[in-house]
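# Structural overview for review
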Amino acid sequence: MASIGIDIGQAKTLLEDEQVVGIPTETVYGLAGNALSEHAILKIFEVKNRPKFDPLIAHTNSIRKANILFKTIPQKATQLAEAFWPGPLTLLLNKKEVVPDLLTSGHSRVAIRIPNHPLTLELLSQLNFPLAAPSANPFGYVSPTSARHVDDQLGEKVPYILDGGESLVGVESTIVGFEKMKPIVYRLGGITLEALEHVVGPLEIAVNASSNPSAPGMMKSHYSPGKKLIIGDIAHLLSAHNSTTTGIISFSKGFDVPLENSFILSPRRNLNEAARNIFKALRKMDAPHIKVILAEYLPEKGLGRAINDRLKRASI
């Protein structure tokens, strides 16, 4: 298994040697490598078994250092960066030639964000290159929110994992691009639509399930625990399933199933708490005795939209 710790120097040395490292962020844990090195990027794709047509996000620790990656930045992108960086926001911007086509899967735009985690920000400040860092899990599986999750899934393929505790947001970053200077949301995530609109006004939503994504996190089938997931009225669905082999993921209400078969995302009906727990819930329901998972959509507001998006993709 991987070595786990808080040694930024060890992580830095490995990354400078074009190796991959597990890193914490406030959203989920990432599998990091030099974003300007094709060798390191290929290593990420190889370790994750990720298709090369699915682009990656470049992470850095300042807007100044991000300047090496993009040609121009629309005014509204600057406003969003100033409001939400560091944080769970990714911006899609026209890339410079220094950015490998492999990072962007041949697209003309590069995805960039500044993560909000002290360990990773310190690591990034000591590197002279940005980090590509998709979620540190096998492609298509549930995203990791702790160092132990990364070790359980990829430990034999990753030499070191920086342990930054549990992720505080729990779902991936919101991705915003621009068409004719107009902001467009390509992935729902840790920054809510309401928060974005407060800064830049009305947004266009283009969150499509795709087999040829133009931005990270747009794959049709994703975040899957490997069990059949059915979304709907849990009480109604449960009547047709064996409670001893059925897992339940509910927002705030409990159901008559064994305790180990149930995960309540937030008894207080708090969407932020539910977001922190959604991937943990999907992992719990991947237990060997669970044959099918029943879940329900959350209120379609705030982080509920991002949670519903993850549930929908996990059910395909």
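My aim in this report is to walk through the structure given alongside it, one point at a time. Residue positions are given per chain, counting from 1 as you read along its sequence in written order. Local features are withheld for residues below a pLDDT of 70 in this predicted model, meaning they are given only at 70 or higher, and side-chain atom pairs are given and counted only at 80 or more; totals for whole chains, interfaces and linings count all residues. Neither water nor hydrogens contribute to the side-chain values; these are computed over all heavy atoms in the structure.

## So, the overall build of the protein
Here is the rule: Helix and strand assignments follow DSSP, with helices taken as H or I runs no shorter than four residues and strands as E runs no shorter than two, numbered in order from the N terminus. We compute the radius of gyration over the C-alpha atoms and compare it with the globule rule, which gives 2.2 Å times the number of residues raised to the power 0.38. Exposure categories follow from relative accessible area, calculated using a 1.4 Å probe and restricted to protein chains: below 20% of the type maximum is buried, above 50% is exposed, and the middle band is partly exposed. Residues count as neighbours in contact if any of their non-hydrogen atoms are within 4.5 Å of one another. Positive charges come from Lys and Arg alone, negative charges from Asp and Glu alone, with His and the N- and C-terminal ends not counted. To locate a charge, the coordinates of NZ of Lys, CZ of Arg, CG of Asp or CD of Glu are taken.
Within the protein, the secondary structure is distributed over eleven helices and 15 strands. For 316 residues, the compact-globule formula gives about 20 Å, and the C-alpha radius of gyration of the protein, at 19 Å, lands near that figure. Counting across all 316 residues of the protein, residues that qualify as buried make up 60%. Here the contacts in the protein between residues at least 6 apart in sequence split such that 67% fall between residues at least 24 apart. Each charge class in the protein was averaged separately, 34 positive and 30 negative side chains, and the resulting centres sit 4 Å apart.

## Some points on the packing of helix α10 (residues 271-284) against helix α11 (residues 304-314)
Helix packing for two helices is described by the angle between their axes and how far apart those axes are. Rules: Axis geometry follows a simple rule: fit a line to the C-alpha atoms, using only the stretch in contact for helices, then measure angles between N-to-C directions, giving values from 0 to 180 degrees. Each angle is binned into one of four classes, with values under 35 degrees roughly parallel, values over 145 roughly antiparallel, values of 65 to 115 roughly perpendicular, and all other values oblique. Here a crossing is called left-handed whenever its near helix is offset anticlockwise from the far helix by less than a right angle, and right-handed whenever the offset is clockwise. For this classification, Asp, Glu, Lys and Arg are treated as charged, while Ala, Val, Leu, Ile, Met, Phe, Trp, Tyr, Cys and Pro are nonpolar and the rest, including Gly, are polar.
Contact pair α10 / α11: the axes reach a minimum separation of 9 Å and the direction vectors enclose 25°. It follows that α10 is roughly parallel to α11 by the angle criterion. Between α10 and α11 lies a crossing whose hand is left-handed. Between α10 and α11, the residues in contact are Leu271, Ala274, Ala275, Ile278 and Phe279 and Gly304, Ile307, Arg310 and Leu311, respectively. Per-class residue counts for the contact of α10 with α11 are seven nonpolar, one polar and one charged.

## Let's talk about the environment of Lys71
Tracing the chain through its elements places Lys71 in the loop between α3 (63-66) and α4 (75-84). Exposure remark for Lys71: the relative accessible area of 54% places this residue in the exposed category. Taking C-alpha positions, Lys71 is 27 Å from Thr192, a pair spaced 121 residues apart along the chain. The residues touching Lys71, leaving out its near neighbours within four places in the chain, are Asn94, Lys95 and Lys96.

## Some thoughts on the pattern of salt bridges
Filter applied, for reference: Should a side-chain nitrogen of Lys or Arg be within 4 Å of a carboxyl oxygen of Asp or Glu, the pair is scored as a salt bridge.
Under the counting rule described, the total for this entry stands at 13 salt bridges. A salt bridge links Arg148 to Asp151; the nearest nitrogen and oxygen atoms lie 2.8 Å apart. With Arg148 and Asp151 both in helix α7 (residues 147-154) and three residues apart, the pair spans about one turn of that helix. By relative accessible area, which is 48% here, Arg148 ends up partly exposed. On the basis of relative accessibility, which here comes to 3%, the residue Asp151 falls in the buried class. A salt bridge links Glu273 to Arg268; its shortest N-O distance comes to 3.3 Å. For Glu273, a relative accessible area of 17% gives the class buried. When its relative accessible area of 61% is taken as the criterion, Arg268 is described as exposed. A single salt-bridge network, built from bridges that share partners, covers Glu172, Asp309, Arg310 and Arg313.

## Overview of the sheet that holds strand β13 (residues 246-250)
Convention followed: Pairing between strands requires that DSSP locate at least two bridges from one strand to the other.
Strands sit in the order β12-β15-β13-β14 across an open sheet of four strands; the sheet is parallel. Edge positions in the open sheet fall to β12 (228-231) and β14 (262-264), since each of these has one partner strand only. Neighbouring strand axes in the sheet, compared pairwise and without regard to direction, differ in orientation by 15° on average. Pairing analysis gives four bridges linking β12 to strand β15 (residues 292-295), with the strands arranged parallel.

## A look at unusual backbone geometry
In the segment running from Trp85 into Pro86, the intervening peptide bond is cis, with an omega of -5°. Structurally, Pro86 is set in the loop between α4 and β5 (89-94). The backbone phi angle of Asn49 is positive, close to 55°, even though this residue is not glycine. Relative to the elements of secondary structure, Asn49 occurs in the loop between α2 (38-48) and β4 (57-59). A positive phi angle, near 60°, is found at Arg269, a position not held by glycine. By secondary structure assignment, the location of Arg269 is in the loop between β14 and α10.

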